[in-house]
Amino acid sequence: MRKRLVGLIFTVTLCVSHFAFGQLNLNYYLPQNVSFNPAIPTPASIIGHEVGEWHITHDKLVYYMRELARVSDRISIEEIGRTHEDRPQLLLTITHPSNLAGIDKIRSDHVWLTYPNEADKFDIKKMPVVTYMGFSIHGNEPSGSNASMLVAYYLAAAQGPEIENMLRNSVVLLDPSFNPDGLTRFSTWANNHKSKYINPDPADREYSEVWPGGRTNHYWFDLNRDWLPVQQPESKNRVAQYHQWKPNVLTDHHEMGTNSTFFFQPGVPQRTHPLTPELNQELTKKIGTYHAAALDSIGSLYFTEEGYDDFYYGKGSTFPDINGGIGILFEQASSRGHAQESINGVLEFPFTIKNQFNTALSTWKAAVEMREELLDYQRDFYKRVLREADNDNVKAYIFKAEKDPARAYHLAEILDAQEIDFYRPSREIRMNDERYQEDNSFIIPLKQRNYKLIKAMFEKRKEFQDSLFYDISGWTYPMAFNLEYAEMSSRDYSRNQLGAKIDQLEFPAGQVLGGQSAYAYIFEWHGYYAPRAANKLLEKGIRIKVSTNKFIGPGEKEFDRGTILVPVAGQSLSENELFYEMQNIAREDGLMIHAMTSGLTEGVALGSNSFEALEKPEVALVVEAGSSYDAGEVWHLLDTRMHMQVTKLPENRVGSSAIDRYNTIIITGGLDLSENGMQNLRRWIGDGGTLVGIGSAVSWMSRNKLTNLKSVEVEYPGTEEIAYDQIDNYSRSLYIPGGVYMSKLELSHPMAFGFYKENLPTFKRGTLLIEPSESKFANVGVYTEEPLVSGWISDANLEAMKGTSTIRVNSLGRGRVVSLVDNPNFRAFWYGTNKLMMNAIFFGRIVNGYAAR
């Protein structure tokens, strides 16, 4: 015990010596065999402290990068966009001054390598290699962004013939902070809690961020899952630059658990996506030898080809693999502050920065020395895709959303952001009992340079080499958007079916059909933005109702359940004002609104009790408990898409009378409530409130007897043949890593209003399965008997899933408890199930008590 204590004191003393006595300087980081231009400002001369002494704040990071670009003739800098919190995203272009003078042509020539019919016109022996270095996409993994200052300084200031040669033969694109908002949140936390004499005790508050932490962006999204769906502005801005350059290598600098060491790719070989060429992994491994040499030279421990994978293309280190480049993931053990005890000794923040700096330089060295090999790989990648497209049984994809063109529009937005060519049909196309019209459908021919990217987005995959995944295993985009779509074979498809190429997307046009009405307006709930329209009306004090039955209107048009009725008489707005409002809504929300001249409709009349009055939603989202990802997705959906106010209510307020101002409360996990707090929540529901639980919150609500749901107990195979060193892998294989599964809706139920097909592709992750109710109407949604669409799932879980509930509504007094077993808002791109969340908010309270059992 005494020896252990002495050792601890000694390591802490080593840690403190750097920070407390100011011994940290650039010599700790920089190679000693290189001279540096004294005219180039060091980081400390601009930001006021040595790199690693404090956590860099984003404003200082921006200040330094702009000053560096002002002074250095090797650097140009541009602001590529702004974050949710209006922080600038910067991109530095670093190369030899002679290259910088002709950078536009260098970029243009480089991108031509990705056009198979043009690529051979360019001599790769004379072309520089392009490396994109990106840092700290997770804001609380800060060693990357702090290292970016050292990398930029080195590239700007290092001198000598070797440096000059490397600059002439390369272009480095440097993004110092992939996630400015998250970096700001974390650096503020770490710096606020820094002591003069650093305390590496892991129990210190410095190393335990408060919910939601600094990992995510403003809306609590993991930006390292958004490279493919590009739903966040940071991603849209970054991916646009990626496609502007098509880099040969992209580095993605991360951190991992404090007790680990350092990881670089490749990952586990058998967990590489099959669309990634084998040569990609061979080149990744060859580049890895440069990282090993760099880390060996400074005595740092590391590992490779284990733990991580190259499967989901929405990650920064995997996205390049489907775009003709090489993605490199770096994972550095995290100090999560300024210094923290670990099993490897005290892990100091400067040490984590040093490793990131050295592997950034080893990447640069590898890229330059492998320049022709990487450029040739890129050119050949795009040549091969045309041959692969010729051999593919699928020649094109066609899709539409018959009654909700906004969903098809938003998928088309992603195609546009990813530089995928798509067209309108030249004529009506009939496939699988669907009629794809010229004005409501899109065709994507596969024979184009982004063939592999299209396949990655549209394919359905059920066979895998491994059962373990670092992230999700299935994400078929037209299913995520719940679109009508088809694969077109050579029998179905010909080039003359392609109409106008889409170069400028336009949001679907809505209008008020029939002009101004003195009686009423109606619009169906099918439209993605119908809830936004309803909320606008309710916010203005306009009374609206929802139809619980179908009816026939003018022109023999059938109006579905969920149709919104807006009477003209008795409103706070005049007839003219209301018409003006309905025109704005039709245009802004892409809805077809029908002006009614009479309430005498076939089936039920507009004055029928089948129309139920709707309340304005007053929504509270419980935070500081449950999943911050799930909570952020709800906040993002309501705030940025539906333009609805949502109160982010701290968990400790749920037990108070503060909840009485809301008619809807949403939770994304279990709550830690006292007995009185639980009674208060029960009282609120009983008085007419709607509680909506997502994912793990469903189990919590059941355990606390707010619902009568029962979980399915899955019988897994035994472990008799499992080796000891495979226990962890076996345990992980029992988890459902995330994929597409088919569910079936009861379309007459208010929770299904707005859906016009009973089959609904659902994203499923995790092992929560709920037994179906004996009551038909309580089972709003259930998994089908053949639920697997795309993704990996064990046989035991798949068998257990069949027929289980996806959506349930229970009554408690006058209130309702809505259980959404699966997340309907996954990563903001699962547009197809967003309406389940909106229906819970708008219609949860009108669910018949008999059906809510």
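Criteria and thresholds
- Residues numbered from 1 in each chain as written.
- Predicted model: local features only at pLDDT ≥ 70, side-chain atom pairs only at ≥ 80, totals over all residues.
- Heavy atoms only, no water.
- Helix = DSSP H or I, 4+ residues; strand = E, 2+ residues; numbered from the N terminus.
- Buried < 20%, exposed > 50% of the residue type's maximum accessible area, 1.4 Å probe, protein only.
- Areas by Shrake-Rupley, 256 points an atom, 1.4 Å probe, with all protein chains shown as cover.
- Lys, Arg positive; Asp, Glu negative; His and termini not counted.
- Charge placed at Lys NZ, Arg CZ, Asp CG, Glu CD.
- pLDDT = per-residue confidence, 0-100.
- Contact = heavy atoms within 4.5 Å.
- Pairing = 2+ DSSP bridges.
- Axes fitted to C-alpha atoms, helices over the stretch in contact; angles between N-to-C directions.
- Patch = residues over 30% accessible without salt bridge, like charges linked within 9 Å, V, L, I, M, F, W, Y side chains within 5 Å.
- Salt bridge = Lys/Arg side-chain N within 4 Å of Asp/Glu carboxyl O.
- Polar contact = N/O pair within 3.5 Å; in protein donor to acceptor, adjacent residues only side chain to side chain.
- Phe/Tyr/Trp six-rings, centres within 6.5 Å; stacked < 30°, edge-to-face > 60°.
- Lys NZ or Arg CZ within 6 Å of the ring centre and 35° of its normal.
- Core = buried A, V, L, I, M, F, W, Y, C linked by side-chain atoms within 4.5 Å.

### Section: the overall build of the chain
For the chain, the helix and strand inventory stands at 23 helices and 35 strands. If you line up the chain on its principal axes, its C-alpha atoms span 90 × 70 × 65 Å. Within the span of the chain, comprising 853 residues, buried residues form 63% of the whole. Looking at the chain as shown, the accessible area adds up to about 32,700 Å², and 46% of this sits on carbon and sulfur atoms. The centroid of the 87 positive side-chain charges in the chain is displaced by 2 Å from the centroid of its 105 negative side-chain charges.

### Section: the confidence of the model for the chain
With 97% of its residues at a pLDDT of 70 or more, the chain has an overall mean of 95. In the predicted structure, residues 1-21 sits below a pLDDT of 50 and forms 24 contacts with residues beyond four places in sequence or in another chain.

### Here we look at the sheet that holds strand E28 (residues 646-650)
One open sheet accounts for 9 strands, arranged E28-E27-E29-E30-E35-E34-E33-E31-E32; its pairing is mixed. With one partner strand each, in any of the chains shown, E28 and strand E32 (759-764) form the two edges of the open sheet. For this sheet the average axis-to-axis angle between neighbouring strands, irrespective of direction, equals 25 degrees. With 5 bridges joining them, strand E31 (residues 739-745) and strand E33 (residues 781-790) adopt antiparallel strand pairing.

### Notes on a nonpolar patch on the surface
Taken together, the side chains of Ile-722, Tyr-724 and Ile-727 define a hydrophobic patch exposed on the protein surface, amounting to about 340 Å² of accessible area. The topology assignment puts Ile-727 in helix H21 (residues 727-733). Residue class for Ile-727 comes out partly exposed when judged on its relative accessible area of 42%.

### Some points on the environment of Asp-466
As for its placement among the helices and strands, Asp-466 is situated in the loop between helix H14 (451-458) and helix H15 (477-480). Look at Asp-466 and you get buried, because its relative accessible area is 16%. Along the chain, Asp-466 and Arg-271 lie 195 residues apart, while their C-alpha atoms are 6.1 Å from each other. Those residues in contact with Asp-466 that lie beyond four places of it in its chain are Gln-270, Arg-271 and Trp-792. Here Arg-271 takes part through its side chain, which lies 3.3 Å from a polar atom of the side chain of Asp-466. Reaching out from Asp-466, the side chain makes a polar contact with the backbone nitrogen of Leu-468 at a distance of 3.0 Å.

### A look at the packing of aromatic side chains
Within the structure shown, the criterion is met by 46 aromatic pairs. Their ring planes at 50 degrees and their centres at 5.0 Å tell us that Tyr-308 and Tyr-470 sit as a pair that is tilted. Placement of the pair is Tyr-308 in the loop between helix H10 (278-297) and strand E9 (326-333) and Tyr-470 in the loop between H14 and H15, with a sequence separation of 162 residues. Within the aromatic cluster, the residues linked to one another by ring pairs are Tyr-409, Phe-481, Phe-507, Tyr-528, Tyr-529 and Tyr-831. Above the ring of Trp-227, the side-chain terminus of Arg-238 is found at 4.4 Å from the ring centroid. Here Lys-400 stacks its cationic end above the ring of Tyr-436, 5.2 Å away from the centre of that ring.

### Details of the pairing of strand E10 (residues 339-342)
Alignment of E10 against strand E11 (residues 345-348), held across 4 bridges, turns out to be antiparallel. Paired with Ser-342 across the strands is Gly-345, a residue of E11.

### Describing the pattern of salt bridges
Applying the stated criterion to the full structure yields 51 salt bridges. Among the salt bridges present, the one from Glu-164 reaches Arg-74, with a minimum N-O distance of 3.2 Å. With Glu-164 in helix H7 (residues 161-168) and Arg-74 in the loop between helix H3 (58-71) and strand E2 (75-82), this residue pair connects regions lying 90 residues apart in the sequence. Each of the salt bridges in this network shares a partner with another, and the network as a whole consists of Glu-141, Arg-215, Asp-222, Arg-225, Asp-471, Arg-765 and Arg-827.

### Some remarks on the environment of Val-780
Within the fold, Val-780 resides in the loop between E32 and E33. A relative accessible area of 1% places Val-780 in the buried class. For the pair formed by Val-780 and Gly-345, sequence separation is 435 residues and the distance between their alpha carbons is 55 Å. The residues contacting Val-780, other than those within four sequence positions of it, are Lys-744, Leu-745, Glu-746, His-749, Met-751, Ile-807 and Val-809.

### Considerations on the nonpolar core
Phe-399, Tyr-521, Phe-523, Val-566, Ile-666 and Met-837 are the most contacted members of the largest nonpolar core, which totals 155 residues. Excluding its chain neighbours within four sequence positions, the residues that come into contact with Phe-523 are Ala-530, Ala-533, Ala-534, Leu-537, Thr-563, Ile-564, Val-566, Met-582, Leu-591, Met-592 and Ile-593.

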